[in-house]
Structures are given as structure tokens and as C-alpha cells.
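Topology and contacts: notes
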Amino acid sequence: MAADGVRYSLQLPCVFSSKSRQYLAVCAQDGRLRVWNTDSKTLHQEFVPSAHLSATCTCIAWGPCRTVKEGPQRKKRKSEVAQVEERADLLAMGTAAGTVLIYSTMKGALHCTLDGGHSGGVNCVHWHPEDSLLYSGSEDTNIIEWDLQTGKTRSKWKADRAAVTSLCVSPDGKLLLSAGHVIKMWDLETKEVYRKFTGHSTAVTILRFATTRPPDSNGLYFLSGAAHDRLLSVWQVREDGKDKNSVVSFTLTDEPQHVDLSTSGRKEEAVRLAVVCKDGQLHLFEHFLNGPCKKPLLPSCSVQMSDTKDSPMPILLLAAALGADPRSVLLAYGSHLQPVMEKVEINMAERHVCLTRDVKTTLSLSMETTVSKVKTPIVSAKSKVLIPGLPGHKAPLTAAPQGTEKRKKDADNKEISIAERLGEMDLEAVSNQKGAPKVEASLQTDNFAVLLMQGLESKDANILNKVFQTRKEALIKKTVARLPLPAVIPLVEELTKRLQGHPLAACLMVRWLKAVLMHHTSYLASLPDLVTQLGVLYHMIESRVKMFHKLTKLHGKLHLLTTQVAANDSSTLVSEVDHTAKLVYEEDSSDEDEASVDEALPDEGSDHWEEEEAMQESKDDEEDLDPDRRTEPKANGDEDMEHENESEEE
């Protein structure tokens, strides 16, 4: 293809230049762009963006080849044949911050920056084959058409309800494929949808046109690949519009990471396809696209690479490019930091081919030749080493081990290795300093996450033991939360191994396993082969908790018996209850109430009934004799009080 855009998933972007295949562009995790020369197999250029840590590179795509003008050239005669050399120059890099960087390999510097268009991270970029146009798709569901001559947006439109994950322009530059929830084909002149296709259940990461035929002849085909999908689907653009389902499927061993193909211009010409999968294998296909095919097609040849040790280990393939000869393939394998480029001839008659290479020897030779100009700074013994991540925090002083004095003498000649520096740094001494508990927590969390990653990659038991010995729940949760997704499955496998050991170690491993399930459940549920990867863990846990149900029943019965026995013992110790009142309270009434009660209800035991009646009659007679006195209102109640006192005395 003229321009291949690779979307960042779990593998870093790695793309060969178009046509000549002279360069290999690789983006590292720290945002650095490295361009390798495939002919000399050396590092050609290295570019570090200003915001390479905050805005990492998510996708890269080589632009169309341009003519090379190196220095002043004399005017050629008419008799001389003009020989124009074309090289890959511009390289587009999409970032997580929503900007697109255009890097020039001829200048060795940044050509321009396209920003202000996307509000989300850029997932894919693709060049127009002829005009100086670039298309980018983002998390904000929009597609932008950039004009590189002005560096501004030419047009922008909403592509789907979901994020745009992949783009591809047709070889004639008239159609554009985009993938979100569904795959859409756009007419670039009107920016309207030309066709819709079903797509995949997961995010589409690869879109490629397989043929260069016009769409009105039922001969236009394109292929698509998705994350966690082990099939490459081929779609046909039909005149009648009945093209929603795929017509051909290519079977893979894992999800596709890099695809290179040679397009077909007519029916009699077969399409050649090279697919590098996530598991590091290369699959080669050759098929004539002429209508649907019911059965999935198997690769005509599969290529694997391994080292030359007694127990060979696989070497991961990073990218592959098809050559002019059907048997020749340009391979890039090994590490992203130091890839190895090699052109090999593959025997297509064999279904499975295994290539053995000594990667260590190749790496050491290339490192000596490419990085010979880099000088290592000499670290003086008097310099102070600060712990990374904590400005102004000085590393604690530790007792000098044996051999330190000798190493200090040779400090000017030999640099201290990283292992020796790690051994001299005593991170536990930070907790002994006063007023530094918060520093310790953040420091330990950062170091634990880094140590856990190093231990899982190198499978170092000492590092893993140091990390897994912690009992702090908060530290475990923060460490697991900071792990990248590719390290989750290795961590689960390591925990499964350790759970099969001593029960005391299993108690610690359960805490880590709980933290993994709490933070990374959604990622684990998205894996297609989750049952096979976690089958051992599931059966082990099931066998350990098999007796738990019976033990729970037994525990309930024993608890019931013990509570009944305790209740009976406590009932015998309780003495008889004394029902006699310990305290009697009587309420005293006021004098007025007593007087009124005495007037209304005289005491039955009183012997003065007759005297009281006689006195009452005398009162009535006096009132009859003096009516004025009877009608005179009383100013106060003194007389009533006197009468009451007299009655009480009687």
C-alpha cells in the first residue's frame, strides 16, 4: 500500500516505508520515533517530540514518495537521460493529545504540526495517494481532512457514534473507508456515505483495499481485521448494494498486528497477503478474489522464528513486507528498541517454516556500529544521587559494603552498574525518617509497580518475592492499578503458580488476585481465550473450596449446640426473683386539696358529725338574718381560711 497507518493497541507502531522499503519507523513507549535503514541495518534518525511523555505516539503512516533534491545540481543536457530518485520523506504521527505531527526524514526535523482539530486522541492516520492531503480519525468520532500546504483543516465531519479506529483511502483517491461501530465507505468529493458494511464485534484496527478495480464492476474488494479476532474478512462492493456481509475469510493464529499486501488489478491476478499476528508468527496468503468463498482460507505458508539455544525460545516478528519476487519477504524481528531487518527467501511449498537466528550476536554488533558516537557520562563518587520522582529528596546513606572502597578508586575508569546501584539504595530506610510517611507510600508504590514489571519480564524470583511479601492492601491495590494491560495475564499466571505452593504463601497471593479482579475485570472479560488461560486457576480454587460447603454446615450445627449448652448453664446460675418492692413512693397532696377533700368527704371514723351539722345550721340562720352581708363580695379569702381552720380544729 502507498500509506499504511497502524493503530496503537497492545503492540507499538512499526511500519516499513512505501514502495522502496528503505526505512523502518518504530515508535517506542516513551514517545521517541526511531527510523532504521533497512539496507545498512543501522539507526538512521531519532526524533523526540517536545511532549513525548504527555502525548505519546498512537499511530504512524508513511506518505507517498517524493523526488530527492540534494544540493545544487547542474543543468542537464537534452541528450542525458533524466534519472529521478524517489524516497520516502514525510511521516505522519498521531498522538494521544489529539495532534498530528509531520516528520521529514530529508530534513531530519519536524516539518509541521496539525493541531486544533480533534478533541480526543488520534487513533489512525492515512495519506491521500496523489494530493498533499492527510486524513485522521479520532476518539471524538470525527474525521478530518488536512491540507499539508497550508497546515489547516480542509473539512471535518462526524463519521460514527463511536470512535473512529481505522481509515484507508482507495488507490484512485476517490473513496475512503472508516471503521467505528460499522464500516462505512465515503465519497471524498461529496463527503457522503457510499456503502455500509456490518463490520466486527470489536474495534476494527486494519482496513486495506485489495483490488484497484472500479466499484461499478463488482470487482472492488477490501479486507478488515479487528482486535481479539482471529479472522481477516474480505468485503465486496456490489452494484446492487447486497454487500453487507463478508465474502472471504482468512484464518489466523491470533489477532492481526501488521498487514502488507500486493493489490490486484484484474481477475486473473491473485492477491498476495502477509500478516504478522500478535503471537509473533507470519502468515502468507495467495488468493484470487472472484466472488464469495464459504470456507475460511488457511495460510499457504506460516513462518516462525526462534533462537539457537538448547531449549529454543520464540522470537517475535514485528513487521513484514512483500518483495517483487513472490518468495522474498523483508522481515523485522526482535525488540522495538533494536529491531533486526533481514530479507529472506521462503520456500512456499512448505506449510510451516521455522527460521533460527542468534539475536544476541546480531544485537551486539549493531549496537557497536550504530551507537559508537554516544559517550557515557562519568559519574563522580562525590555526586549525590536523588531518588527519581521526588524532587529534592536525598537518597538515604547506607553502610558501605565490602569492595566499595576499591570501586571508588576505579570510579573514574569504570561506571557503577545498575544492579550495584539498586543494591546500594535502601528504600526501607526512608520509613525510619521522621515526618516522611507520605513520601514512603508514594515511593514504594512507584517502585513496586516498576519492580513488578521487571520481575514479570525477566522472571526473576528474587524481585517477585520482594514485591509479593507486602501485606498492605492499599499498596497492593495501587500497584495493580498502575500495571499496563499486557502485564495482567503474566501476573495472573505467576499468582496461579504461587497459589499451588505453601498455604501461607497462598494467603498473600489471594490479596493480589483480588486486586487484579477488582481493577482489570473488564480487560479479562474481553479476552477470547480467557477460559484456557484461567482454567488452571479456576480448577485449583474449585478444589480448595470443595469442602467449604460441608464445613459451613458443620460450623452452623456446632454453633447451635454451643449456644444451647451455654444458655442451659446460664439458666441454672440465675437465682429466684424477689417480688417484694424495694422502694415505695407516696405522693403528698397540698393543704388546699386536703381541705377540699375534708369538706367534700369527711372522715368515716370522725365522732363530730352532730357538732358539724349544728354549726352549719347556725351559719345558715346568720345569713338569713343579714342578707347584705351575704351579698357583699369578699375581697380576699381570709374568712374562708378561718372557717377552714376552725373546722380542722374541731
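Computed from a prediction, not measured in an experiment: that's the story for all the values here.

**Description of the pattern of salt bridges**
On inspection of all chains with the given rule, the structure shows eight salt bridges. Note that lysine 191 and glutamate 145 form a salt bridge whose closest N and O atoms lie 3.6 Å from each other. Taken as a pair, lysine 191 in the loop between β18 (183-187) and β19 (192-197) and glutamate 145 in strand β14 (residues 142-147) lie far apart in primary sequence, 46 residues in all. Judged by its relative accessible area of 5%, glutamate 145 is buried. Here arginine 498 and glutamate 494 are joined by a salt bridge, their closest N and O atoms 3.0 Å apart. Taken as a pair, arginine 498 and glutamate 494 lie in helix α7 (residues 488-499) at a separation of four residues, close to a single helical turn. We note that arginine 498, like glutamate 494, is buried. Each of Arg32, Arg34 and Glu46 takes part in one network of salt bridges that share partners.

**Quick look at the side chain of serine 302**
Within the secondary structure, serine 302 is located in strand β27 (residues 301-306). Excluding residues within four positions of it along the chain, serine 302 makes contact with Leu282, His283, Arg351, His352 and Val353.

**Here's the deal with a positive patch on the surface**
Positive charge collects at one region of the surface, where Lys546, Lys550, Lys553 and Lys557 lie side by side. Relative to the elements of secondary structure, lysine 546 occurs in the loop between α11 (535-544) and α12 (548-573).

**A word on the confidence of the model for the protein chain**
On average, residues of the protein chain carry a pLDDT of 75, and 70% of them reach 70 or more. Strand β16 (residues 166-169) holds the highest mean pLDDT among the elements of the protein chain, 94, whereas strand β1 (residues 6-7) holds the lowest, 43. Residue range residues 426-445 is modelled with pLDDT below 50. Its contacts to residues more than four positions away, or to other chains, number 26 contacts.

**Looking at the pairing of strand β31 (residues 339-345)**
Pairing analysis gives seven bridges linking strand β30 (residues 328-334) to β31, with the strands arranged antiparallel. By the bridge assignment, serine 328 is partnered in β31 with glutamate 345. Count of turn residues in the β30/β31 antiparallel hairpin: four residues.

**Focus on the environment of alanine 28**
Locating alanine 28 in the fold gives a position in the loop between β3 (23-27) and β4 (33-37). Looking at alanine 28, the relative accessible area reads 11%, which means it is buried. Distance in space between the C-alpha atoms of alanine 28 and leucine 12 is 6.6 Å, their sequence separation being 16 residues. Among all residues touching alanine 28, those that are not within four sequence positions of it are Leu12 and Arg34.

**Focus on the sheet that holds strand β13 (residues 133-138)**
Spatially, the four strands line up as an open sheet ordered β12-β13-β14-β15, and their pairing is antiparallel. Lying at the two open borders of the sheet, with one neighbouring strand each, are β12 (122-127) and β15 (152-158). On average, adjacent strands in this sheet sit at an angle of 20° to one another, irrespective of strand direction. Where β13 meets β14, five bridges bridge the pair, whose relative direction is antiparallel. Paired with glycine 137 across the two strands is isoleucine 143, which belongs to β14.

**With respect to unusual backbone geometry**
Even without a glycine there, the phi angle at histidine 228 is positive, about 60°. For histidine 228, the location among the structural elements is in the loop between β21 (220-226) and β22 (231-237). A residue is classified by how much of its surface remains accessible, and histidine 228, at 26% relative accessible area, is partly exposed.

Criteria and thresholds
Residues numbered from 1 in each chain as written. Predicted model: local features only at pLDDT ≥ 70, side-chain atom pairs only at ≥ 80, totals over all residues. Heavy atoms only, no water. Salt bridge = Lys/Arg side-chain N within 4 Å of Asp/Glu carboxyl O. Helix = DSSP H or I, 4+ residues; strand = E, 2+ residues; numbered from the N terminus. Buried < 20%, exposed > 50% of the residue type's maximum accessible area, 1.4 Å probe, protein only. Contact = heavy atoms within 4.5 Å. Patch = residues over 30% accessible without salt bridge, like charges linked within 9 Å, V, L, I, M, F, W, Y side chains within 5 Å. Areas by Shrake-Rupley, 256 points an atom, 1.4 Å probe, with all protein chains shown as cover. Lys, Arg positive; Asp, Glu negative; His and termini not counted. Charge placed at Lys NZ, Arg CZ, Asp CG, Glu CD. pLDDT = per-residue confidence, 0-100. Pairing = 2+ DSSP bridges. Axes fitted to C-alpha atoms, helices over the stretch in contact; angles between N-to-C directions.

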